[in-house]
Amino acid sequence: MRTITLEEHFATPGFLDGPGRELRDQARQVGGRAEQLMRDLCDLDAGRIAQMDAAGIDMQVISLTAPGVEQLEPVDAVALARDTNDVLAEAIARHPTRLSGFAALAIAQPDLAAKELDRRVGGQRFAGAVINGHQRGRYLDDKFFWPVLEAAEALSAPIYLHPTRPPRAVIEASFGGFSPLVTEMLAGPGFGWHIETAVHVLRMVLGGVFDRFPKLQIVIGHMGEGLPFFMQRVDVMPVELTKLRRPVSAYLRDNLHYTFAGFNFPATFLDLLLEIGVGRIMFSADYPYASMVKARGFLDQIPVTAADRALIAHGNAEKLFRL
């Protein structure tokens, strides 16, 4: 059975000297596994391929690791997005059957971001784009960003909406008052950035993004960032209130796709399966932050038919991303 993973990350030395500097510095302080993680992020060749082989992963669709370029000054974001996309394009060319990629976009300059998306998806056959959450407190429901969404719809290029830290004011108000490390974890992978992403998606729905761009497809990880649990609850906001064309849950079922991305949790998977159905669920490992071996083992154990397992493992991704 072919396997394709979709939330897999990389970095470049230039990125780690810039927006990834905090990540790099923390790894140096911790040492050991954390420093190895930095090396794994920057390896787009033999080491990565060997780990894929050992885990039984046939293809990774790779994206620039968080925090991406979204929090940079616009000029700096454009340059770094271009440079990291060039590195990824070269890696894909070296390993065309093993690697694909999501283009980083400097959405602070939407027209340039749209052109970059066209260049990478149209010219170099990237699978789509990655956007790491808000851009300095602005979300994709803001019409400022709609040229990017218009281009994505026209190109049939899905956007992987990856978590990022909430805005600083939200962190202080909702997650502060603890030790710095507890606040960092609570606002980040412990809870906050998943809820941040779920709110971002709901903002897009309520802001009319999918009424304006009905063919736009968004991918989110971590078994849906909590949204499947609320799939029926969100419809307490009826169309008479929202002024949308359809109930909120309809957009979550028709314009979103969902990946594992490190959430190897049986109960969470079953909730996603029951609410969404097998046709919009796709495999992920969240490498190198999570184990490909454990993700592959979880895929083999989920309670679905062989045909449905194949859809989750590769079939849905092949169709959506034309892999």
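Above this text is the structure in question.
Rules behind the numbers
Starting afresh in each chain, residues are numbered from 1 along the sequence in its written order. Local features are withheld for residues below a pLDDT of 70 in this predicted model, meaning they are given only at 70 or higher, and side-chain atom pairs are given and counted only at 80 or more; totals for whole chains, interfaces and linings count all residues. Side-chain descriptors were evaluated using all non-hydrogen atoms of the structure, hydrogens and water having been removed beforehand. Exposed residues in this analysis have more than 50% of their type's maximum accessible area, buried residues have under 20%, and partly exposed residues fall in between, with area computed by a 1.4 Å probe over protein chains only. A run of DSSP states H or I qualifies as a helix once it reaches four residues; a run of E qualifies as a strand once it reaches two. Both are numbered from the N-terminal end. Here, any two strands with at least 2 DSSP bridges between them count as paired. The path from the first strand over the helix to the second decides the hand: if it runs clockwise while the strands point away from the viewer, the crossover is right-handed. Note on definitions: salt bridges are taken to be side-chain nitrogens of Lys or Arg within 4 Å of carboxyl oxygens of Asp or Glu. Structural elements are reduced to axes, namely lines fitted to C-alpha atoms, with helices fitted over the stretch in contact, and the angle between N-to-C directions of any two is expressed from 0 to 180 degrees. Roughly parallel covers angles under 35 degrees, roughly antiparallel covers those over 145, roughly perpendicular covers 65 to 115, and oblique covers all other angles. With the far helix as reference, a near helix turned anticlockwise by less than a right angle produces a left-handed crossing, and one turned clockwise produces a right-handed crossing. Residues are treated as being in contact if the distance between any of their heavy atoms lies within 4.5 Å. Geometry of aromatic contacts follows a simple scheme: Phe, Tyr and Trp rings, the Trp one being its six-membered ring, pair when their centres are within 6.5 Å, and the pair is stacked under 30 degrees between planes, edge-to-face over 60, tilted otherwise. We call a charge positioned above a ring when the Lys NZ or Arg CZ atom is no farther than 6 Å from the ring centre and deviates by at most 35 degrees from the ring normal.

J.: Honestly, the pairing of strand 7 (residues 256-259) in this entry has me stumped. Any pointers?
T.: A regular strand carries its side chains on alternate faces of the sheet. Because side chains alternate across strand 7, one face comprises the buried residues Leu256 and Tyr258, and the other comprises His257 and Thr259, equally buried. Bridge count for strand 6 (residues 218-220) against strand 7 is three bridges, and the pairing is parallel. Across the sheet, the residue bridging to Ile218 is Leu256, located in strand 7. Judged from the two bridges that link them, strand 7 and strand 8 (residues 281-282) form a sheet pairing that is parallel. From the neighbouring strand, Thr259 faces strand 8, where its bridge partner is Met282. The parallel pair strand 7 and strand 8, bridged by helix 14 (residues 266-276), forms a crossover whose chirality is right-handed.

J.: Any chance you could explain the pattern of salt bridges here in plain terms?
T.: Any two side chains of opposite charge can pair if their charged atoms end up close together. Counted according to the given criterion, the structure contains 18 salt bridges. Two residues, Glu318 and Arg2, come together in a salt bridge whose shortest N-O distance is 2.7 Å. Of this pair, Glu318 sits in helix 16 (residues 306-321) while Arg2 sits in the segment before strand 1 (4-10), and the two are 316 residues apart along the sequence. Residue class for Glu318 comes out partly exposed when judged on its relative accessible area of 23%. For the salt bridge of Arg24 with Asp25, the shortest nitrogen-to-oxygen distance reads 3.1 Å. For Asp25, a relative accessible area of 29% translates into the label partly exposed. By sharing partners, the salt bridges in this structure join Asp86, Glu116, Arg119 and Arg120 into a single network.

J.: I'm lost on the packing of helix 6 (residues 110-124) against helix 7 (residues 146-155) in this one. Help?
T.: Think of two packed helices as two axes; the pair is described by the angle between the axes and how far apart they sit. Two elements in contact, helix 6 and helix 7, have axes separated by 8 Å at closest approach and are oriented at 20 degrees. Looking at the two axes, helix 6 sits roughly parallel to helix 7. Crossing handedness for the pair helix 6 and helix 7: right-handed. Contacts from Pro110, Asp111, Ala113, Ala114, Leu117, Asp118 and Val121 of helix 6 reach helix 7 at Pro147, Val148, Ala151, Ala152 and Leu155.

J.: I would appreciate a short explanation of the packing of aromatic side chains in the present structure.
T.: The relation between two aromatic rings is expressed through the spacing of the ring centres and the mutual angle of the planes. Counted under the stated rule, the structure contains eleven aromatic pairs. Ring centres of Phe229 and Phe230 lie 5.4 Å apart, and the angle between their planes is 75 degrees; on these two criteria the pair is classed as edge-to-face. Between the aromatic rings of Phe263 and Phe265, the centroid separation amounts to 5.1 Å while the plane-to-plane angle is 50 degrees, which identifies the pairing as tilted. The rings of Phe260, Phe269, Phe283 and Phe298 are connected pair by pair, giving a single aromatic cluster. For the cation-ring pair, Arg246 lies above Tyr251, with the distance from its terminal atom to the ring centre recorded as 4.4 Å.

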